[in-house]
Amino acid sequence: MRVLIDADGCPVVRETVRQCAAFHVPCLLFCDTAHVFSIPGVEVFVADCGHDSTDYLLLSHLRPGDVVITQDYGLAALCLARSAQALHPAGHAYTKDNIDALLTVRAESARLRRGGVRLHRTAARKPAQDHAFSGLLCRILSENTGT
């Protein structure tokens, strides 16, 4: 098992790296050229800027049993289809039971935006989300490493 981070705009990179180090689990970071990461002990993969280029690069390295951290519902769905786990930085897991509903909401939101409807902005990140994510990742890492 490895942890792969869709790092473009990810608010939990440092927490994920910290926990991976504590559990001795390899951590891979994927970003585009608009972001710069240099974290000791973490392998960084840089994709060209372009629509979904980081997602495709991450998917090319994905193995069954890996854990992916992403806010992208589409990428999460592809990870689930490849027998990987996918976690949202807000502290919930994407599952076969919830991914269809999430993708439906995403598609409807995109349709509304194309029609000129202005949707609400994403709320500021709350400490409870950090706590939920940290707990979820810790549980998954401990279950998969036997520690």
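If you're wondering where the values come from, they're calculated on a predicted model, not measured in any experiment.

Quick word on the sheet that holds strand 1 (residues 3–6)
Thought 1: The strand order across the open sheet formed by six strands is 3-2-1-4-5-6, and the pairing between neighbours is mixed. Each edge of the sheet is formed by a strand with only one pairing partner; in this case those strands are strand 3 (43–47) and strand 6 (92–94). Pairs of neighbouring strands in the sheet enclose a mean axial angle of 25°, with direction left out of account.
Thought 2: Inspection of the sheet shows strand 1 paired to strand 2 (residues 27–32) by four bridges, in the parallel sense. Across the sheet, the residue bridging to Ile5 is Leu29, located in strand 2.
Thought 3: Of the strands in this sheet, strand 1, strand 4 (67–69), strand 5 (85–88) and strand 6 touch helix 3 (residues 73–81), which is tilted by about 155° from strand 5.
Thought 4: In this fold helix 5 (residues 127–145) packs onto strand 1, strand 4, strand 5 and strand 6, with an angle of close to 160° to the strand it touches most, strand 5.

So, the pattern of salt bridges
Thought 1: Enumeration according to the criterion identifies four salt bridges in this entry.
Thought 2: Where Asp66 meets Arg2, a salt bridge forms, and the shortest distance between an N and an O atom there is 2.7 Å. Residue Asp66 is found in the loop between helix 2 (53–61) and strand 4, and its partner Arg2 is found in the segment before strand 1; the two are separated by 64 residues along the sequence. Each member of the pair, Asp66 as well as Arg2, carries the same accessibility label: buried.
Thought 3: In this structure, Arg125 and Asp130 form a salt bridge, with 2.6 Å as the shortest nitrogen-oxygen distance.
Thought 4: The partly exposed category is assigned to Arg125, whose relative accessible area is 29%.
Thought 5: Taking relative accessible area as the criterion, Asp130 reaches 37% and is therefore assigned partly exposed.

Side note on the environment of Tyr94
Thought 1: Tracing the backbone shows Tyr94 in strand 6.
Thought 2: Assessed through its relative accessible area of 3%, Tyr94 is described here as buried.
Thought 3: With near-sequence residues (within four places) excluded, Tyr94 lies in contact with Thr70, Gln71, Asp72, Tyr73, Ala76, Leu80, Ala86, Leu87, His88, Ile99 and Leu102.
Thought 4: One polar contact links the side chain of Tyr94 to the main-chain carbonyl oxygen of Thr70, over a distance of 2.9 Å.

Quick look at helix 1 (residues 13–23)
Thought 1: Within helix 1, burial applies to Val13, Thr16, Val17, Gln19, Cys20 and Phe23. For helix 1, the angular spread of buried residues about the axis comes to 165°, placing them on one side. Relative to its buried face, helix 1 has exposed residues pointing more than 90 degrees away, namely Arg14, Ala21 and Ala22.
Thought 2: Buried residues along helix 1 sit in contact with strand 1, strand 2, strand 4 and helix 5.
Thought 3: Looking one or two residues beyond helix 1, the residue adopting positive phi is His24, at roughly 60°.

Thresholds, definitions, all that
Residues numbered from 1 in each chain as written. Predicted model: local features only at pLDDT ≥ 70, side-chain atom pairs only at ≥ 80, totals over all residues. Heavy atoms only, no water. Pairing = 2+ DSSP bridges. Helix = DSSP H or I, 4+ residues; strand = E, 2+ residues; numbered from the N terminus. Axes fitted to C-alpha atoms, helices over the stretch in contact; angles between N-to-C directions. Contact = heavy atoms within 4.5 Å. Salt bridge = Lys/Arg side-chain N within 4 Å of Asp/Glu carboxyl O. Buried < 20%, exposed > 50% of the residue type's maximum accessible area, 1.4 Å probe, protein only. Polar contact = N/O pair within 3.5 Å; in protein donor to acceptor, adjacent residues only side chain to side chain. Arc of directions from axis to C-beta.

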